[in-house]
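# Geometric and topological summary
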Amino acid sequence: MTRPPSSILVTGASSGIGAALARVYAAPDTTLFLGGRDGSRLEAIADACRGAGACCIAETVDVTDREAMADWVAGCDGTRTLDLVIANAGVSAGSGDAGESADQVRHLFRVNVDGVFNTVLPAMQMMVNRGQGQIAVMSSLASFKGFPGAPAYCASKAALRLWGEGQRIWLRHRGVRLSVICPGFVDTPMSRDNPYTMPFLMDAGRAARLISKGLERDRGRIAFPWQTFWLVQMLAVLPPAIVDRLLSRMPSKPAVPEDHRPG
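As the structure is a prediction and not an experimental result, all values here were calculated from the model.

Conventions we followed
- Residues numbered from 1 in each chain as written.
- Predicted model: local features only at pLDDT ≥ 70, side-chain atom pairs only at ≥ 80, totals over all residues.
- Heavy atoms only, no water.
- Helix = DSSP H or I, 4+ residues; strand = E, 2+ residues; numbered from the N terminus.
- Polar contact = N/O pair within 3.5 Å; in protein donor to acceptor, adjacent residues only side chain to side chain.
- Contact = heavy atoms within 4.5 Å.
- Pairing = 2+ DSSP bridges.
- Axes fitted to C-alpha atoms, helices over the stretch in contact; angles between N-to-C directions.
- Phe/Tyr/Trp six-rings, centres within 6.5 Å; stacked < 30°, edge-to-face > 60°.
- Buried < 20%, exposed > 50% of the residue type's maximum accessible area, 1.4 Å probe, protein only.
- Lys NZ or Arg CZ within 6 Å of the ring centre and 35° of its normal.

## What about the side chain of S139?
Within the secondary structure, S139 is located in the loop between β5 (133-138) and α5 (151-172). Within the structure, the side chain of S139 is placed 2.7 Å from the backbone oxygen of K157, a separation counted as a polar contact. Setting aside residues up to four positions removed in sequence, S139 forms contacts with K157, R161, V180, I181, C182 and P183.

## Side note on the sheet that holds strand β6 (residues 176-183)
Strand order in the open sheet formed by 7 strands is β3-β2-β1-β4-β5-β6-β9, with parallel pairing between adjacent strands. For this open sheet the edge positions go to β3 (55-60) and β9 (221-224), each flanked by a neighbour on one side alone. Shown here is a sheet whose adjacent strand axes are inclined to one another by a mean of 15°, direction ignored. Sheet analysis places strand β4 (residues 84-87) next to β5, joined by 4 bridges and oriented parallel. Looking at β5, one finds that V85 is bridged to I135. Helix-sheet contacts for helix α2 (residues 39-51) involve β2 (31-36) and β3, and the interaxial angle to β3 is about 175°.

## Describing the packing of aromatic side chains
Ring pairs (aromatic) are described by centroid distance and by the angle formed between their planes. Taken as a whole and assessed by the stated rule, the structure comprises 3 aromatic pairs. Arranged with centres 5.8 Å apart and planes meeting at 75°, the rings of F144 and F229 form a pair that is edge-to-face. Of this pair, F144 sits in the loop between β5 and α5 while F229 sits in helix α7 (residues 226-237), and the two are 85 residues apart along the sequence. For the pair F144 and F229, a shared accessibility class is recorded, and that class is buried. Among the aromatic side chains, those forming a connected cluster through ring pairs are F144, F229 and W230. Across the ring face of F144, the terminal group of R161 is positioned such that the distance to the ring centre comes to 3.9 Å.

## Overview of the pairing of β9
Residues I222 and F224 line the buried face of β9, whereas the alternating positions R221 and A223 sit on a face that is not buried. For β6 and β9, the ladder comprises 4 bridges, and the chain directions are parallel. Note that in β9 the partner of P183 across the bridge is F224.

This is the structure:
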């Protein structure tokens, strides 16, 4: 166990798990730096956190803008030394009826992978320099198997999981803790477009509480719910011929129209 973080940065904080995490950490003597693309929703979350006694500074940011993110992270750390950085921002899309377009594949990697790097790398360097801090990388249980309905999403989350798990070992010797978060189905605006039953669907507030407890315990991998975790583990080790037959029956997640993407 470690002392609770008092200065926390969260990306993708305007909705879903990011908003729920902001609410979980909101408390007196805590400073929250919240980033998101939807300014009005972000400010509503910030107001709720202020109502819980936190000092909350909200900023409309684009995680794909490397220079802007580096400036924002450095500015937040300069305001109050960051104890915890949660790289949560991400997007989801599937293959739909026509398959994933090249633009969609690149967009998913730009937001989900580059967006995390643009958040974590500046913070990591500052934390390593002072020999303390904590980083959380948002992956997914989808990172354990490439599902045909959302191959680019699965691949982007797999890249984050493997990168984060490798970085954890290196960072540990430098006083910095890193955890990889692997949620299953969570009730968020991102998941509500899924045209299929989502087993063990979890409320975002409960997911945020599980994440905060896992970070408090410095768990390298925070994966939940356990039922879905063991299911994807099983799919990852079964012979491909068997898994292919099983997954070929799954419906595809819709592709995201160009005008519905976070800009």
